[in-house]
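Now for the letters of each chain:
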Amino acid sequence: MDKMAYRLGGLLYTPAAHSDIQELACGNVYKDLFASVFCLEDSIEDSHLREAEIALHGSLQKVKARAEREGKRREDMTLLFVRVRTPEHLERLLSEDVDVLDTLTGFVLPKFDLGNADRYLELMREVNAYAHRPVYVMPILESAQVAQAVSRRKTLSRIKAVLDPVREIILNVRVGGNDFCNLYGLRRSVTQTIYDIGVVRDILVDILNTFAQDYVVSGPVWEYFGSDVAGAWARGLRDELELDRMNGFIGKTVIHPSQLPLVADSLRVSSTDYEDACRILCCDKADKLAVAKSAAGDRMNEGKTHGNWAKRIKLLGDIYGFKDGSRPYGGAAV
């Protein structure tokens, strides 16, 4: 498993014209911010797109100059992405400003489906042929083509077949929960999770079933936020994060900084799970038995059936630490 794919945590979306991009990029604003997306799509009015592109270019140039001045590598900073609109938009941005690749980790590709996948990935192959380091992409599955029940599983399988040859640059597969809701004219309340909307839940389950064995799949956005972590918005987010975890999503799209600590906490693991994961991964293959009691002595650990779970728990524990705020011995912070 690629550790970097697990490092995104709560992926904060910010309009590309935002004035604090330099501070966000250098990790000086929010403790639990590990990755950020500068959006040129839904958050920018069409008539202001060019203005936003110019502002983003200027911000990224400042980020690059500051990093060089302070001796920071890209890996030392917040992971940075740009969400484009279409393959044509991506092509134009790359042709106008190749220098941004020195600062960016990659691109977010919205409405990714069979109608644009080949062109998107052709462009990214070209970029990675001359880039000094990998330029990653994160396709977002959110279009009507993906949602349609009659052909959904076939469509998802075909999309996966397109992604697999360039799997090394697919950092995450992401889902557009609100876009799927919009297709059916639906919206969850602050007391409901995305899993309460049956038609959308079924889409998400099919996406997980198709991709989660081979890719990190990130959970959909939660649109409520606030300053009171005991408020209804926070209770609702925690409920949805727990269901995300149980179903196999890793991380979440974030639209407000107040959501970041809750997402980070959801990615921390219990010390018991971590200890069991280490035991499973380090079991003696010469031992006749592939099953043993857990560290706490209250459940069964079986290497052949819990191995993938153990790998995931070990990675999350090493990156995000334990629920009590501590870190495993030798565990590395993000």
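Note: the structure precedes this text.
Draft legend 1. Examining the environment of Arg-133 more closely. Following the sequence through the fold, Arg-133 ends up in the loop between α4 (117-130) and β5 (136-141). Along the backbone, Arg-133 and Leu-101 are 32 residues apart, and their C-alpha atoms lie at a distance of 8.9 Å.

Draft legend 2. Examining the sheet that holds strand β7 (residues 217-218) more closely. Spatial ordering of the open sheet is given by β7-β6-β5-β4-β3-β2-β1-β8, a layout of eight strands whose pairing is parallel. With partners counted over all chains shown, the strands left at the sheet margins are β7 and β8 (252-254), one partner each. One ladder, built from three bridges, connects strand β1 (residues 10-15) with β8; its direction is parallel. Within β8, the residue paired with Leu-12 across the bridge is Val-254.

Draft legend 3. View of α4. Over its 14 residues, α4 extends 21 Å from the first C-alpha to the last, a length consistent with the 20 Å expected when each residue adds 1.5 Å. Every buried residue of α4 is listed here: Ala-117, Tyr-120, Leu-121, Leu-123, Met-124 and Val-127. For α4, the angular spread of the buried residues around the axis is 155°, confining them to a single face. Along α4, exposed side chains directed more than 90 degrees from the buried face belong to Asp-118 and Ala-129. Tucked into the core, α4 has its buried residues touching α3 (87-96), β4 (106-109), β5 and α6 (152-163).

Draft legend 4. Molecular detail of the packing of aromatic side chains. According to the stated counting rule, one finds five aromatic pairs in the structure shown. Ring plane angle 15° and centroid distance 6.0 Å describe the contact between Phe-112 and Tyr-120, whose orientation is recorded as stacked. The same class applies to Phe-112 as to Tyr-120, namely buried. Sitting over the ring of Tyr-215, Arg-167 keeps its end group 5.5 Å from the ring centre.

Draft legend 5. Seen up close, unusual backbone geometry. Of note, Lys-111 is a non-glycine position whose phi angle comes to about 50°, a positive value. Mapping Lys-111 onto the fold places it in the loop between β4 and α4. For Lys-111, a relative accessible area of 26% corresponds to the partly exposed category.

Draft legend 6. The arrangement of the environment of Ala-295 in detail. When you line up the elements, Ala-295 lands in the loop between β9 (291-293) and β10 (300-302). For the pair Ala-295 and Leu-156, spaced 139 residues apart in sequence, the C-alpha separation works out to 39 Å. Ignoring sequence-local partners within four residues, the contact set of Ala-295 consists of Glu-275, Asp-276 and Arg-279.

Draft legend 7. The pattern of salt bridges, seen in detail. For the structure on display, the rule yields 32 salt bridges. The salt bridge involving Arg-153 is made with Asp-206; its shortest N-O contact spans 3.3 Å. Highlighted residues: Arg-153 in helix α6 and Asp-206 in helix α8 (residues 198-211), separated in sequence by 53 residues.

Draft legend 8. Geometry of a nonpolar patch on the surface. Taken together, the side chains of Leu-183, Tyr-184, Leu-186 and Val-199 define a hydrophobic patch exposed on the protein surface, amounting to about 310 Å² of accessible area. On the secondary structure map, Leu-183 appears in helix α7 (residues 177-183).

Draft legend 9. Representation of the state of the cysteines within the structure. In the structure shown here, the tally under the stated rule is zero disulfides. Of the cysteine sulfurs around Cys-39, a residue in no disulfide, the closest is that of Cys-181, at 18 Å. According to the relative accessible area criterion, Cys-181 is buried, its value standing at 2%.

Draft legend 10. Structural view of the packing of helix α2 (residues 49-70) against α3. Relative orientation of the contacting elements α2 and α3 amounts to 40°, with a least axis distance of 13 Å. Viewed along their axes, α2 and α3 adopt a mutual orientation that is oblique. Crossing hand, α2 versus α3: right-handed. Side by side, α2 and α3 meet where Leu-49, Arg-50 and Glu-53 of the first sit next to His-89, Arg-92, Leu-93 and Glu-96 of the second. Along the lines of polarity and charge, the residues of the contact of α2 with α3 split into two nonpolar, one polar and four charged.

Draft legend 11. Representation of helix α10 (residues 260-267) in the model. Most of α10 sits out of view: six of its eight residues are buried. Restricting attention to buried positions, one finds in α10 the residues Leu-260, Leu-262, Val-263, Ala-264, Ser-266 and Leu-267. On the buried face of α10, the contacting elements are β1, α9 (232-247), β8 and α12 (303-320).

Draft legend 12. Expanded view of the pairing of strand β3 (residues 79-83). Within β3, five of the five residues are buried, which leaves it mostly tucked inside the rest of the structure. Of the two faces of β3, the one carrying Leu-79, Phe-81 and Arg-83 and the one carrying Leu-80 and Val-82 are both buried. As paired strands, strand β2 (residues 35-39) and β3 are joined by five bridges and run parallel to one another. By the bridge assignment for β3, Cys-39 is matched with Arg-83. Sheet topology places β3 next to β4; three bridges connect them, and they run parallel. Opposite Val-82, over in β4, you have Phe-107 as the bridge partner. Regarding topology, α3 serves as the crossover connection from β3 to the parallel β4, and that connection is right-handed.

Thresholds applied
Residues numbered from 1 in each chain as written. Predicted model: local features only at pLDDT ≥ 70, side-chain atom pairs only at ≥ 80, totals over all residues. Heavy atoms only, no water. Helix = DSSP H or I, 4+ residues; strand = E, 2+ residues; numbered from the N terminus. Pairing = 2+ DSSP bridges. Expected span 1.5 Å × (residues − 1). Buried < 20%, exposed > 50% of the residue type's maximum accessible area, 1.4 Å probe, protein only. Arc of directions from axis to C-beta. Contact = heavy atoms within 4.5 Å. Phe/Tyr/Trp six-rings, centres within 6.5 Å; stacked < 30°, edge-to-face > 60°. Lys NZ or Arg CZ within 6 Å of the ring centre and 35° of its normal. Salt bridge = Lys/Arg side-chain N within 4 Å of Asp/Glu carboxyl O. Patch = residues over 30% accessible without salt bridge, like charges linked within 9 Å, V, L, I, M, F, W, Y side chains within 5 Å. Areas by Shrake-Rupley, 256 points an atom, 1.4 Å probe, with all protein chains shown as cover. Disulfide = S-S within 2.5 Å. Axes fitted to C-alpha atoms, helices over the stretch in contact; angles between N-to-C directions. Parallel < 35°, antiparallel > 145°, perpendicular 65-115°, else oblique. Left-handed = near helix turned anticlockwise from the far one by under 90°. Nonpolar A, V, L, I, M, F, W, Y, C, P; charged D, E, K, R; others polar. Right-handed = clockwise from strand over helix to strand, strands pointing away.

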